[in-house]
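Summary of the model geometry
Listed below are the residues making up each chain.
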Amino acid sequence: MNPTLQTFAGSLLQDNNILVASYDLESLPLCTRNAMHLKALHRPGVYNYALQPFSLDCRRVKRLCIINGMGVTLGDSIIGIAALHAIKAINPHIHLTVLRPGTCQPYVEDIYRLAGKIIDELHYLPAALSTFKGYDALIDAGNQLFRNDFATQEMHDFFLRHLGIDPDSVPADIKTNRWLSEGMPEQDPVLNMPYVLLNHRASTPLRNIPHGILAEFVEHIYQRHKMPVAGFGRINHPHFIDLSSHSQTTQNFITIIRYARRLYTCDSSALHIAAAFGVPTICYFNAIKPSLRAAYYPRCESLDMGTERSERLHQSEDHALLSEIENNYRRYLALA
């Protein structure tokens, strides 16, 4: 298979008819991928902002299909659905179909099931392009990580632009992901006591709060707030409570964030969930700049812990770079 197809800023076609997500190809053996007859989805009638900028008057659209949306991680999906919420706010009567990659983690797919008031139909790739008839518009939103402006625009604005919507026309409260607080069923708190939540993990090690400073980090939080520090995973500190066993589903994870008095987190889905529920948050950014992720979150204090080498990176296994970032945290804690 042509390796450039893996990084194509959009979806793929197999045998000129079957819609494929490049993300799904990663789960296939290399020999299988090489044997597939694939090409980029680039044809009239399918909008792709990365290939040709466009605007869409959603008030005139009755049926809209989003191909390969809205991301393969939980955080991206929460923001992507906020962009779909904006479309529904413009035209409450629009029928919205979303076509998803077929191999995403179940906890990511759970968030789409919470968006039933926004997404009218949810389907999965691969799927025959010929079956998607009767839509007024088709938008290819696939593979956004490889679109040139993904690392340079605020994320809500990125998704809106790539759906043909002017970001400045969208109310600020939609960009706080309030769709999630409106769609989330009521659940009881896991802990019957006040707690501060520490979420130290993101979808890539580069964005994590470094493991080597976690006990010291918990002490910092405890001394500041004088209440138990809850989180996910084992951290050797007398005031830390591991809630991993209570966070087996996406709804459990959301509920734990929802009832926290305050959240300390890295650049992760927890940041975007907390914004939806108005939880005061301190977020640490190791690579992507805070203005690209938290600009519309009024209750979030952002701290840039990155280096020149980490700027705009989404992932890295460079141990020297990860050590540089950990040293930034150590200096931060020494001054706190």
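Residues numbered from 1 in each chain as written. Predicted model: local features only at pLDDT ≥ 70, side-chain atom pairs only at ≥ 80, totals over all residues. Heavy atoms only, no water.

1. Here we look at the side chain of K88
- Here K88 shows up in helix α3 (residues 74–90).
- A polar side-chain atom of K88 sits 2.8 Å from the main-chain carbonyl oxygen of I94.
- Once residues lying within four places of it in the same chain are set aside, the contact partners of K88 are I94, L96, K117, I118 and D120. (Helix = DSSP H or I, 4+ residues; strand = E, 2+ residues; numbered from the N terminus. Polar contact = N/O pair within 3.5 Å; in protein donor to acceptor, adjacent residues only side chain to side chain. Contact = heavy atoms within 4.5 Å.)

2. Structural notes on empty space enclosed by the protein
- For the structure on display, the rule yields two cavities of 30 Å³ or more.
- Each pocket or cavity is described by its volume, and for the largest cavity that value is around 40 Å³.
- Lining the largest cavity we find M70, A141, Q144, R147, F158, F159, H162 and L163.
- Of the residues in the lining of the largest cavity, the class split is five nonpolar, two polar and one charged.
- Approximately 30 Å³ is the volume found for the second largest cavity.
- Contributing to the lining of the second largest cavity are I79, A82, A83, A86, H156, L160, V170, I174 and K175.
- Put simply, the parts of the chain that give the lining of the second largest cavity at least two residues each are α3 and α5 (155–162).
- The residue inventory of the lining of the second largest cavity, partitioned by class, reads seven nonpolar, one polar and one charged. (1 Å grid on protein atoms, 1.4 Å probe; cavity = no way out; pocket = protein on both sides within 12 Å on 5 of 7 lines; lining within 4 Å. Points joined across faces, edges and corners; volume = space filled by probe spheres on them. Nonpolar A, V, L, I, M, F, W, Y, C, P; charged D, E, K, R; others polar.)

3. Quick look at the pattern of salt bridges
- Scanning all chains against the criterion turns up 14 salt bridges.
- R178 is the salt-bridge partner of E182, the closest N and O atoms lying 2.4 Å from each other. With E182 and R178 both in helix α6 (residues 178–183), this residue pair falls four residues apart, about one helical turn.
- Assessed through its relative accessible area of 25%, R178 is described here as partly exposed.
- The residue R207 makes a salt bridge to D267 at a minimum N-O spacing of 3.6 Å. Here the residue R207 occupies a position in the loop between β10 (196–199) and α7 (214–225), and D267 occupies one in the loop between β13 (262–266) and α9 (269–277), the gap between them amounting to 60 residues.
- Residue classification places R207 among the buried residues on the basis of a relative accessible area of 15%.
- Each member of the salt-bridge network shares a partner with another, and the members are D57, R59 and R60. (Salt bridge = Lys/Arg side-chain N within 4 Å of Asp/Glu carboxyl O. Buried < 20%, exposed > 50% of the residue type's maximum accessible area, 1.4 Å probe, protein only.)

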